[in-house]
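Coordinate inspection notes
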Amino acid sequence: MVSSRIHLVAMGGTISMVSSDSGLVPSLDAEDFLRQYQSIPISITSESLTALPGASITATSLNEAILVARSAVASGAEGVVITQGTDTLEETSFLADLVWDHDEPLVLTGAMRPANAPGSDGLGNLSGAIRVAADVHARARGVLVVFGDEVFTARHLQKTHSSKLNAFTAPGVGPVGVLGEDQIHWWSPPEVHRRTRFGSVASPSTIVTVTAQLDSSAELLAWA
Ligand code: ASP
């Protein structure tokens, strides 16, 4: 029985990559992912937006993904899943959370190992993200990230390891949910999700990082 409709948006990252003689190549698109999910009792529509490493995602492509997610919800999707590279998942999910004003879950995921690596985590993470996006208890929680069978709120998420399969954590807060075999265990009710304060993710022409260290002067801050 088909119980919900989820829209899947693929943007690249290791989850889509296959190792070959020329290195890691983005090879799987949303259609390829879906072919592996024929037995899931969830109706999934899909589209591929980009096939880029996470570091190459721009504010413009993130905005495009959010617009796609919004229009999927407007046409009846009960949740949206975005796959992307993990190197910027912390930043993109945080930005998306600032503008996502729907109750329908927007869930991001990726993978630490390429699709053809032994013990690849991509399918498990994607399957978890789809299950969470389709879960009624995931509603009104803002943007969520599913990784290693755990569910995090985007605003608390950090990538805290560069190779472990459970590379994502929420220091001091922990996951809001955990995926069991047959059900999702939610540890906390939805917080009152801060409604949107920004219409879209701004696309600044210059991004300045000011690092604080011993004896830093405030000159750069003043300039910024
Ligand atoms: N370098 C990859 C990326 O962010 C890492 C990953 O996806 O895990 O695209």
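Each chain carries its own residue numbering, running from 1 in the direction its sequence is written. In keeping with the predicted nature of the model, local features appear solely for residues at pLDDT of at least 70, side-chain atom pairs appear and are counted solely at 80 or more, and the whole-chain, interface and lining totals rest on all residues. Side-chain numbers here rest on the full set of heavy atoms in the structure, without hydrogens or water.

What to know about the packing of aromatic side chains
Definition in use: Pairs were defined over the aromatic rings of Phe, Tyr and Trp, the Trp ring being its six-membered one, requiring ring centres within 6.5 Å. Orientation was assigned from the angle between planes: stacked under 30 degrees, edge-to-face over 60, tilted for the rest. Secondary structure counts use DSSP, requiring at least four H or I residues in a row for a helix and at least two E residues in a row for a strand, with both numbered from the N terminus. Three exposure classes are used, based on accessible area relative to the maximum for each residue type with a 1.4 Å probe and protein chains only: buried under 20%, partly exposed in between, and exposed over 50%.
If you walk through the whole model with that rule in mind, you get 1 aromatic pair. Where Phe147 meets Phe168, the ring centres are 4.7 Å apart and the plane angle is 50°; that geometry is what we call tilted. Taken together, the residues span a long stretch of sequence, with Phe147 in strand E7 (residues 143-147) and Phe168 in strand E10 (residues 168-169) at a distance of 21 residues. For the pair shown, Phe147 and Phe168 are each scored as buried.

Examining the pairing of strand E8 (residues 150-153)
Defined as follows: For two strands to pair, DSSP has to find at least two bridges joining them.
Examined bridge by bridge, E7 and E8 share 4 bridges and lie antiparallel to one another. If you follow Val146 over to E8, its bridge partner there is Val151. In sequence, E7 turns back onto E8 through a hairpin of 2 residues, with Gly148 there showing a positive phi of about 55°. Judged from the 2 bridges that link them, E8 and strand E11 (residues 177-179) form a sheet pairing that is antiparallel. Each residue of the ladder has a partner; that of Glu150, found in E11, is Val178.

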